[in-house]
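The primary structure of each chain is shown beneath.
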Amino acid sequence: MSHSWWPSASADSVFLSPAAVVGGDGAACDLANILSTQLSITTGSVLLAVDDAVVAAGLIAPIEEALVTAGYVVHVRGGFGAEPSAEVIDAIAEEARGAAIEAVVGVGGGSVLDSSKLIALLLRNKGGSADWTGAVTPGNGVAPLVLIPTTCGTGSEATRIAMVTVDGNKRASSCALFVPRVAIIDPALVASLPKQVIAATGIDALAHATEALMSTSASVLSAHHSLRAIELLVRNLEKAYNGDRGALSDVLWASHIAGQSLNAGVVLGHSLAYCLAHEHPMPHGVSCAIALPYCIAYNQNMDPGLAELLAQTLTDGRSRDLRVAADEIAQLSGRMGLPRTLAEARINPASIPDMAGLCANDYPRPTNPESFDKNLLEKLFRSMETGDLDQAFAVTAR
């Protein structure tokens, strides 16, 4: 696809990614060999941080058995929930400190992978999760990490970010060392995902790639990854939702590629999503599904070449108009049973001023192409009441 926009090839940038990405059906069961060859860890204790639902599905037992057979002492810990709290993470980290853990292996969705990153940090450093929010540089590094996603949206196995709930509020910890030495992309682990999980996590991945492309810190490599992830998602997500296993494998890989694009960071869409979930708790991908079309509308004044390229990619070449692209995302969400409006998400419109203030004050995004303005954000939230995209695009129209 030809385009007139591309990030500056001479601009400063640092692109982070796992040193090794191991893929294939059943790859997770080769974990012992991966620990040995990629991390030079041939013995000792391993913490296996897991998603409870993945355990219940019988997917953890073969991984644990393979490690035990290879001679590792395995400590399996779950109970992280959908939004892991500092208390839960700190308790498991304290236990791990006393168990001479050599490596942390996270197997699950974003909550488990993010928790694994913080546990790896706390194994080497003092304090608790709440002491390590914001941009951090732990003096003692982090314990060796292997991250294995079991959903097709988080991308956490490729990012420097770990989210944790502190005193009821979501907080981010950002550390380059959170990007693991090894990520394992095993399509067998997502083969039985419920279709609503595929929908929500897939839209989350689409939000990652789209927002990273809009970010003013997008680089040559992050943009490359964003575009490929968007292409894979718009062509495969609905097919995966409808039961196509090959398409689901492509969506899993797209999620990982989108995670790598997050070196550029997310923008307004994720701030909107956090505010929606703060007002009415919902899965992160669901809030991202509501927010993404409105993020595009608010940022419509981005570089014209970028706007055209983004619209073309989101519509699989059918349109160069961001308004059309935003509508196609909303329609895709609707076909997959995801809410598209505040009404469908059961959010009281009386909370709109509070959400606008929270967005502007608590979740600013310096790399968003349009500056945050509380009054404009309030108007944007108003347009979400009934899903009025024309009203949303009028908010920042020039």
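Here is what the cut-offs are and how they apply
- Residues numbered from 1 in each chain as written.
- Predicted model: local features only at pLDDT ≥ 70, side-chain atom pairs only at ≥ 80, totals over all residues.
- Heavy atoms only, no water.
- Helix = DSSP H or I, 4+ residues; strand = E, 2+ residues; numbered from the N terminus.
- Contact = heavy atoms within 4.5 Å.
- Areas by Shrake-Rupley, 256 points an atom, 1.4 Å probe, with all protein chains shown as cover.
- Lys, Arg positive; Asp, Glu negative; His and termini not counted.
- Charge placed at Lys NZ, Arg CZ, Asp CG, Glu CD.
- Salt bridge = Lys/Arg side-chain N within 4 Å of Asp/Glu carboxyl O.
- Buried < 20%, exposed > 50% of the residue type's maximum accessible area, 1.4 Å probe, protein only.
- Pairing = 2+ DSSP bridges.
- Axes fitted to C-alpha atoms, helices over the stretch in contact; angles between N-to-C directions.
- Parallel < 35°, antiparallel > 145°, perpendicular 65-115°, else oblique.
- Left-handed = near helix turned anticlockwise from the far one by under 90°.
- Nonpolar A, V, L, I, M, F, W, Y, C, P; charged D, E, K, R; others polar.
- Phe/Tyr/Trp six-rings, centres within 6.5 Å; stacked < 30°, edge-to-face > 60°.
- Expected span 1.5 Å × (residues − 1).

Check the secondary structure of the protein and you find 15 helices and 9 strands. Along the longest, intermediate and shortest principal axes, the C-alpha atoms of the protein span 65 × 45 × 40 Å. A separation of at least 24 residues holds for 77% of the contacts in the protein among residues at least 6 apart in sequence. For the protein, the exposed surface amounts to about 15100 Å²; the carbon and sulfur share of it is 49%. The average position of the 25 basic charges and that of the 40 acidic charges among the side chains of the protein differ by 3 Å.

Turning to the side chain of Thr 165, a few remarks are in order. With respect to the element layout, Thr 165 can be found in strand β7 (residues 161–166). Filtering out sequence-adjacent residues up to four positions away, Thr 165 remains in contact with Glu 83, Pro 84, Ser 85, Ala 86 and Lys 170.

The tally for this structure, following the rule as stated, stands at 14 salt bridges. One salt bridge in this structure joins Asp 390 and Arg 323, with 3.0 Å as the shortest N-O distance. Placement of the pair is Asp 390 in helix α15 (residues 389–395) and Arg 323 in helix α12 (residues 322–335), with a sequence separation of 67 residues. We classify Asp 390 as exposed; its relative accessible area is 52%. The shortest N-O distance in the salt bridge between Lys 374 and Glu 378 comes to 3.9 Å. Of this pair, Lys 374 and Glu 378 both sit in helix α14 (residues 374–383), 4 residues apart, roughly one helical turn.

Strand order in the open sheet formed by 6 strands is β1-β9-β6-β4-β2-β3, and the pairing between neighbours is parallel. Each edge of the sheet is formed by a strand with only one pairing partner; in this case those strands are β1 (20–23) and β3 (73–77). On average, adjacent strands in this sheet sit at an angle of 20° to one another, irrespective of strand direction. Where strand β6 (residues 145–149) and strand β9 (residues 182–185) come together, 2 bridges link them in parallel fashion. What sits directly across from Leu 147, in β9, is Ala 183.

One can describe the packing of helix α9 (residues 268–279) onto helix α13 (residues 352–362) by two numbers: an axis separation of 9 Å at closest approach and a directional angle of 135°. By the criterion of interaxial angle, the relationship of α9 to α13 is oblique. Pair α9 / α13 crosses with right-handed handedness. Only Met 355, Leu 358 and Cys 359 of α13 make contact with α9, whose side of the interface consists of Leu 268, Ser 271, Leu 272, Cys 275, Leu 276, His 278 and Glu 279. Along the lines of polarity and charge, the residues of the contact of α9 with α13 split into 7 nonpolar, 2 polar and 1 charged.

A ring pair, where both rings are aromatic, is described by two values, the distance of the centres and the angle of the planes. The full count for this structure, using the stated rule, is 2 aromatic pairs. For the ring pair Trp 5 and Trp 6, a centre distance of 6.3 Å and an interplane angle of 65° mean the geometry is edge-to-face. The exposure class of Trp 5 is buried, given its relative accessible area of 13%. Under the relative-accessibility criterion, Trp 6 is labelled partly exposed at 34%. Where Tyr 274 meets Tyr 363, the ring centres are 5.2 Å apart and the plane angle is 55°; that geometry is what we call tilted. Of this pair, Tyr 274 sits in helix α9 while Tyr 363 sits in the loop between α13 and α14, and the two are 89 residues apart along the sequence.

Turning next to the sheet that holds β7. With respect to topology, 3 strands assemble into an open sheet ordered β5-β8-β7, the strand pairing being mixed. Single-partner strands in this sheet number two, and they are β5 (134–135) and β7.

Here helix α8 (residues 245–261) spans 24 Å end to end across 17 residues, near enough to the 24 Å set by a 1.5 Å rise per residue. α8 sits mainly inside the fold: 13 of its 17 residues count as buried.

We now examine the packing of helix α6 (residues 195–214) against helix α7 (residues 220–241). Pairs of packed helices are described in terms of their axes, by the angle between the two and the distance that separates them. Viewed as axis vectors pointing N to C, α6 and α7 meet at an angle of 160°, and their least axial separation amounts to 9 Å. Accordingly, the angle class assigned to the pair α6 and α7 is roughly antiparallel. In the crossing of α6 with α7, the sense of the turn from one axis to the other is left-handed. Where α6 approaches α7, its residues Lys 195, Gln 196, Ile 198, Ala 199, Gly 202, Ile 203, Ala 205, Leu 206, Ala 209, Thr 210, Ala 212 and Leu 213 are matched on the opposing element by Ala 223, Ser 226, Leu 227, Ala 229, Ile 230, Leu 233, Val 234, Leu 237, Ala 240 and Tyr 241. Partitioning the contact of α6 with α7 into residue classes produces 17 nonpolar, 4 polar and 1 charged.

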